[in-house]
Amino acid sequence: MKKILLLTFTVITFTAIISIIVSCKLYAVDVSAGAATWYAWYKASSGEKVDPAFFYGPALSVKFDDDYNLTFVYYYGEYEYNSGKKSKRHDSDIALNYRLNDYLKIFGGIKYHKVITTSNEGSHPPVVIYGIKADSIGPGVGLTAAYPLVENMYILATGAGLFSWRTAEYDLGPRGKENRNYNSYGYNLTMSVVYYITPASTVINLGGRYQCSIDRINTNIQDTYYGITLTATYSFSI
């Protein structure tokens, strides 16, 4: 059932995108492409101490007309635990945005999150786990607000609710592997100052991001990520 719902949501999203592209085929499409970074702290539900990590990846925005634009951002980084564990994380979002007015946009899209955690000595006693591979994907909806400060500078705030289906493979060492399927939900909050450098056709975005994920297994398990973001994109028309 969950795969059918996700497929339906994906088909609707991309059908809307294709419809917009076709309706705008006689006009120029504005593209912004660049790099996104995130220096993030991680508060693990297990209570383990984790060093902050630097995440990085591409950022892309395609503006079809005055009302619609498509955005994509991908982050990759690696956390190191004080216990010796390491966790590689992939985090990506794609969303279709619709302008309500000069200050507000609504959006809907898909979030994909992959985590690979390894430990040489095992962890989480009394059940010793040597590694976890987890994939999650699901829909998200939200609202973006922009408020101008001075010429070419404004404040941008975003809030989104998320739901995902997660599949996790647990490496239990000599006892083999164990697979689990469960749901998770959460939210993203961002706030930043955005400045457009006109001569260079470049946008600089500096701010903060807070992300909360709650896994519904036997009990609710909450993980939080928060930190400083910096994005730079170059704009052009095709």
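Every value quoted in this text rests on a predicted model; they were computed, and no experiment measured them. (Residues numbered from 1 in each chain as written. Predicted model: local features only at pLDDT ≥ 70, side-chain atom pairs only at ≥ 80, totals over all residues. Heavy atoms only, no water.)

A.B. asks: Any chance you could explain the overall build of the chain here in plain terms?
C.D. replies: When helices and strands are counted, the chain shows one helix and ten strands. Traced from its N-terminal end to its C-terminal end, the chain shows the element sequence α-β-β-β-β-β-β-β-β-β-β. For the chain, the proportion of contacts with a sequence separation of at least 24, taken over those separated by at least 6, is 57%. Carbon and sulfur atoms make up 62% of the accessible area of the chain, which amounts to about 13,500 Å² in all. (Helix = DSSP H or I, 4+ residues; strand = E, 2+ residues; numbered from the N terminus. Contact = heavy atoms within 4.5 Å. Areas by Shrake-Rupley, 256 points an atom, 1.4 Å probe, with all protein chains shown as cover.)

A.B. asks: I would appreciate a short explanation of the pattern of salt bridges in the present structure.
C.D. replies: Close approach of charged atoms allows side chains with opposite charge to pair. Inspection of the entire model under this criterion finds ten salt bridges. Across the salt bridge formed by Asp93 and Lys111, the nearest N and O atoms sit 3.2 Å from each other. Highlighted residues: Asp93 in strand 4 (residues 86–99) and Lys111 in strand 5 (residues 104–123), separated in sequence by 18 residues. One continuous salt-bridge network, built from bridges that share partners, spans Asp91, Asp93, Lys111 and Arg209. (Salt bridge = Lys/Arg side-chain N within 4 Å of Asp/Glu carboxyl O.)

A.B. asks: Looking at this structure, how should I read the pairing of strand 7 (residues 153–171)?
C.D. replies: Along any regular strand the residues' side chains alternate between the sheet's two faces. Looking at chain direction, strand 7 and strand 8 (residues 177–197) are connected through 19 bridges and run antiparallel. Opposite Asp171, over in strand 8, you have Lys177 as the bridge partner. (Pairing = 2+ DSSP bridges.)

A.B. asks: Even after reading the chapter, I still don't get unusual backbone geometry, so can you show me in this structure?
C.D. replies: Glycine aside, negative phi is the norm for most residues, and most peptide bonds take the trans geometry. Even without being a glycine, Asn152 presents a positive backbone phi close to 70 degrees. With respect to the helices and strands, the residue Asn152 is situated in the loop between strand 6 (129–150) and strand 7. Phi angles above zero are rare outside glycine, and Ser201 is one such case at about 50 degrees. Inspection of the secondary structure assignment puts Ser201 in the loop between strand 8 and strand 9 (202–216).

A.B. asks: For this particular structure, what's the right way to read the pairing of strand 10 (residues 220–237)?
C.D. replies: Sheet topology note: the strand 1 (residues 30–43)/strand 10 ladder contains 14 bridges and is antiparallel. What sits directly across from Ser32, in strand 10, is Ser235. Here 15 bridges tie strand 9 to strand 10, and the two strands are oriented antiparallel to one another. In the sheet register, Gly207 faces strand 10, and the bridge partner there is Thr229.

A.B. asks: Just checking my understanding: could you explain the nonpolar core for this structure?
C.D. replies: One recurring pattern in soluble globular proteins is that nonpolar side chains are buried together. Among the nonpolar cores identified, the biggest contains 14 residues, and Trp38, Tyr42, Val50, Phe55, Tyr75 and Tyr79 are the most heavily contacted of them. Elements with a contribution of two residues or more to this core: strand 1, strand 2 (53–63) and strand 3 (68–80). If one sorts the elements of this core by residue count, strand 1 sits on top with four residues. Non-local contacts of Phe55, meaning those with residues more than four positions away in its chain, are made with Ala36, Thr37, Trp38, Ala40, Tyr75, Tyr76, Gly77, Tyr79 and Arg89. (Core = buried A, V, L, I, M, F, W, Y, C linked by side-chain atoms within 4.5 Å. Buried < 20%, exposed > 50% of the residue type's maximum accessible area, 1.4 Å probe, protein only.)

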